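# Coordinate analysis (summary)
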Amino acid sequence: MKLSDIAVQTKSQLIFPSAPIEVTIRGLTTLALAQSGDLTFITNFQYRDEVATTKASAILTAKAIPGCHLPQLIHPNPYAVLAQLGQQLHPVTHSFTGQSPLAFVDPTASVAASAILYPQAYVGPRASIGEHAVLYPFAYVGSDAHVGEGSVLYPSSTVMERCKIGARCILHAGAVIGGDGFGFAPTKDDLLKIPQMGTVILEDEVEIGASSTIDRATYGATTLCHGVKVDSQVQVGHNATVGAYTMLCAQVGIAGSAKIGSRCIAAGQAGIGHGISIGDGTILGPRAGVVQSITKPGEYMGMPPVPAKEWMKLQFSLKKVPDLIKKIAHLEAQLEKLQAGT
Amino acid sequence: MKLSDIAVQTKSQLIFPSAPIEVTIRGLTTLALAQSGDLTFITNFQYRDEVATTKASAILTAKAIPGCHLPQLIHPNPYAVLAQLGQQLHPVTHSFTGQSPLAFVDPTASVAASAILYPQAYVGPRASIGEHAVLYPFAYVGSDAHVGEGSVLYPSSTVMERCKIGARCILHAGAVIGGDGFGFAPTKDDLLKIPQMGTVILEDEVEIGASSTIDRATYGATTLCHGVKVDSQVQVGHNATVGAYTMLCAQVGIAGSAKIGSRCIAAGQAGIGHGISIGDGTILGPRAGVVQSITKPGEYMGMPPVPAKEWMKLQFSLKKVPDLIKKIAHLEAQLEKLQAGT
Amino acid sequence: MKLSDIAVQTKSQLIFPSAPIEVTIRGLTTLALAQSGDLTFITNFQYRDEVATTKASAILTAKAIPGCHLPQLIHPNPYAVLAQLGQQLHPVTHSFTGQSPLAFVDPTASVAASAILYPQAYVGPRASIGEHAVLYPFAYVGSDAHVGEGSVLYPSSTVMERCKIGARCILHAGAVIGGDGFGFAPTKDDLLKIPQMGTVILEDEVEIGASSTIDRATYGATTLCHGVKVDSQVQVGHNATVGAYTMLCAQVGIAGSAKIGSRCIAAGQAGIGHGISIGDGTILGPRAGVVQSITKPGEYMGMPPVPAKEWMKLQFSLKKVPDLIKKIAHLEAQLEKLQAGT
């Protein structure tokens, strides 16, 4: 791609070190890895010194770098440009085409003509696979389940019976959609299994990371709304709902019946308790542990969570407690002396 | 099913809004989702307002609801009734019958005639599969392993060599039984692998959630006793034992050689350290982190754990520490003044 | 093996209760499980009473046990001897030999003659499988990926396209190498996927536990250096690097771009934040949460981490805070009285 075309397409400004020149961009990578023909980028001004030594042919940045020796592509949201260009320069490809006779397709299933079935994929009774969907080896689609148009199921990802996967979703390797929710009725002698009769619904453009598990509802459906992005090893319990464009980072756990708003972010290892509600736009820091509903938008840390800015100060204060204990003992002794003196 | 039969079978009391009528129950679901012909339920009196608007034909409850317009089925443990009826009204079914020629069965393996083998299941040398057991696609049973009568291995669940799965167990998708325990001997230059020669034993009626991992013992067997229920993404380390009817919720981690009693509950993300013992009936709250053995039954929270009732108060107190620091400084200054004055 | 040969081979000292005798060792197990012909061991002097009742024929120990009735094998690092002997007495075996015609191998792939392919393994286009490598059923090796000499991929382990697995690596069941890193560019209306163009490199002798996930780099490679050992359910984010011989215990989470030194240990459920550096030889206790880089070697606990020795004391102090609050209120009251009196 020509750099000038990229500028037009991404609505970026172009600044040249001296006279404008045309540059052909073949790749996109970091300052350190870039070679001639690559567009590189800087999103963190900490790395500004590396700009001088990069071998890239042009640089993407949010703010013009004074005196930079490279043509600069200026855009207020460089990450968005990275995403857009990355998709064009390095499009996702699949090594298999067509529908392998080594895939198992139940005769009552419906598979679109343009769908790709790798060898050893499995499509159960009455399941339906949309146009341009891709099932890698060992992907499993259970009976009466649906995989929407353009969705990709990577190896050993599992869609259990009756679950619905929207269009353009991605299930990474080992993701499990629709395992049973965890519901048991304790009796004097036993733990009776409460049948998990519901399903899971992933709306369009939902991405589920490797080995993440989205449990089937007891009744109704565990639902991940449009554009939800889930990292690796995340657990979403039965009957939970996750609002549109919310991001759940690695190892987050969401208990049953929780209701997460839209455009939230839960950082790594955060946990949200049973039945808890989290308002739109809430940000949970790493390992935040939510034990009561959050209605006020903002950034939270800790368990129970406090506003993120307070958390760090609070941790700093807590380290002083052993010292406070000593100070109080000292104060008590002094006061006693004073009292004895009066 | 007739409501009157349900009452007899479950030993529930029946109360009608006016004259007794017969109702046929076809399904079981929540207040909001229920349609005519459904039995609904209320287990949390928070939802009592929804009772008025439900379309259900009858309601299950622990305590009679005064003035309710629906026939009421009264039982002290409604969850147990939900479990029992759910199993009858929505029995688990498997979409495949028989033993697929596309499954791989080693000639030295023994598979009961009534067992179901989906296409692409794998049964290794000398493995044995009990009557009515079900192996979904990509289920793996290693050499000399055993799967008991009526147990179900969902897609991509794995039973490594020599492990023993009891009767009526359930392994959800991606569950791994018998991966190597984590044991290495550090030397000056290396980390020598300590062979994990033991196995895993799941006794009868054990359920393992999606992507949970139960590691193989170094010697002997990692053991989950009768009726243990394990949620998704739980890790049980080598040589651990988990007592009968204990429940481990999502993302719980149990380190090697830990001994968990029977009828315990570990809530989501709780952790139990190496070699630690937990007495029967102990309840660990969400993310409790057990670093010393617990002998006194009760409910615990925090790391190290404290009785759950204290934990919330303690967290509340800790938030006051920055304020305490100021107060102490103030006290010190005042006291100094007084001392200077005397 | 003869005990005298074991002593020579492992450079251990042999002590007999009375006159030296020759003992043939056939197995290796714990004090409680040992039978005649077994070598047992004691690594924790807590279990010293069990020595008297063991049925073993000899015992391995770091320090001579006075008055022991068994021949003693004395070695300063008994774990290393356990590893070495265990590998000899219980060598890893694979139940299949050769390359099954039921495995899928793309015609452009290259599989060494001595490699073992179980039925239903998958090798993609241009992938290469080294000598003596073993692919279990449902193991997936994507296009252009490489599996080094002697590496073992257990069932349902996945190596995504272009990732490189070194020699003598072990991927336990359900491990996923090269799922997409978690990168999205938020825009006003969307979350644009930032293509994850990089790969994963596992150097030689790396072991990855069951259901662990090592995410693909955005650019370049997520790298686990020589001899890194990873337990079950560990997540390593995109672009992270883990130094040689570092051990990551179960459920550890390492965020993107983190740099972990060599010979570190991260205990269960520890978390390391985005872009954070951890120096060589650092030990993180269970659930340590690293939010700032650690440059000083040592053992750390807590979030944010403090030296491990301080942590326990600090937790003990924190329990006194409710009491401190009362004491301070009392001091304030007393002081007021004094001030009123003067």
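Thresholds, definitions, all that
- Residues numbered from 1 in each chain as written.
- Chains lettered and ligands numbered in written order.
- Predicted model: local features only at pLDDT ≥ 70, side-chain atom pairs only at ≥ 80, totals over all residues.
- Buried ≥ 20, exposed ≤ 12 C-beta atoms within 10 Å, placed from the backbone.
- Helix = DSSP H or I, 4+ residues; strand = E, 2+ residues; numbered from the N terminus.
- Pairing = 2+ DSSP bridges.
- Contact = placed C-beta atoms within 7 Å.
- Core = buried A, V, L, I, M, F, W, Y, C linked by C-beta atoms within 7 Å.
- Domains from an automatic or database assignment.
- Nonpolar A, V, L, I, M, F, W, Y, C, P; charged D, E, K, R; others polar.
- Axes fitted to C-alpha atoms, helices over the stretch in contact; angles between N-to-C directions.
- Parallel < 35°, antiparallel > 145°, perpendicular 65-115°, else oblique.
- Left-handed = near helix turned anticlockwise from the far one by under 90°.

## Focus: the pairing of strand β24 (residues 221-224) of chain C
Residues and elements named next belong to chain C. Because side chains alternate across β24, one face comprises the buried residues A221 and T223, and the other comprises T222 and L224, equally buried. By the bridge criterion, 2 bridges tie β24 to strand β27 (residues 241-242) in an arrangement that is parallel. Paired with L224 across the bridge in β27 is V242.

## Observations concerning the interface of chain A and chain B
The interface of chain A with chain B comprises 56 residues on the first partner and 54 residues on the second. Elements supplying a minimum of two residues to the side of chain A that touches chain B: β18 (176-180), β19 (184-186), β20 (191-193), β23 (213-216), α3 (308-318) and α4 (321-341) of chain A. In terms of residues, the side of chain A that touches chain B owes the most to one element, α4 of chain A, which gives 9 residues.

## Focus: the nonpolar core
By size, the foremost hydrophobic cluster in this structure holds 317 residues, and its most contacted members are L135 of chain A, I177 of chain B together with L135 of chain C. In contact with I177 of chain B, other than residues within four places in its own chain, are T158, V159, M160, C163, I165, L171, V200, L202, I208 and I214 of chain B. L324 of chain B together with L318, V321 and L331 of chain C belong to the second largest nonpolar core, which has 15 residues in total.

## So, the domain arrangement of chain A
On domain assignment, one finds that chain A holds domain 1 (3-89), domain 2 (104-310) and domain 3 (315-341). One C-alpha centre belongs to domain 1 of chain A, the other to domain 2 of chain A, and the line joining them spans 36 Å.

## Notes on the environment of G253 of chain C
Tracing the backbone through its elements, the reader meets G253 of chain C in strand β29 (residues 253-254). Those residues in contact with G253 of chain C that sit more than four places away from it in its chain are A250, Q251, G268 and Q269 of chain A together with Q235 and G271 of chain C.

## So, the interface of chain C and chain A
Between chain C and chain A, the residue contacts involve 56 residues of the former and 54 residues of the latter. For the side of chain C that touches chain A, the elements supplying multiple residues, two or more each, are β18 (176-179), β19 (184-186), β20 (191-193), β23 (213-215), α3 (308-318) and α4 (321-341) of chain C. The leading source of residues in the side of chain C that touches chain A is α4 of chain C, at 9 residues. The residue makeup of the side of chain C that touches chain A, split by class, is 28 nonpolar, 21 polar and 7 charged.

## Section: the packing of α4 of chain A against α3 of chain C
Interhelical geometry of α4 of chain A versus α3 of chain C gives an angle of 50° and a closest axis separation of 8 Å. When the axis of α4 of chain A is compared with that of α3 of chain C, the two are oblique. As for how α4 of chain A packs across α3 of chain C, the hand of that crossing is left-handed. Within the contact between the two elements, α4 of chain A uses V321, P322 and I325 of chain A and α3 of chain C uses K313, L314, S317 and L318 of chain C. Among the residues making up the contact of α4 of chain A with α3 of chain C, the classes are represented as 5 nonpolar, 1 polar and 1 charged.

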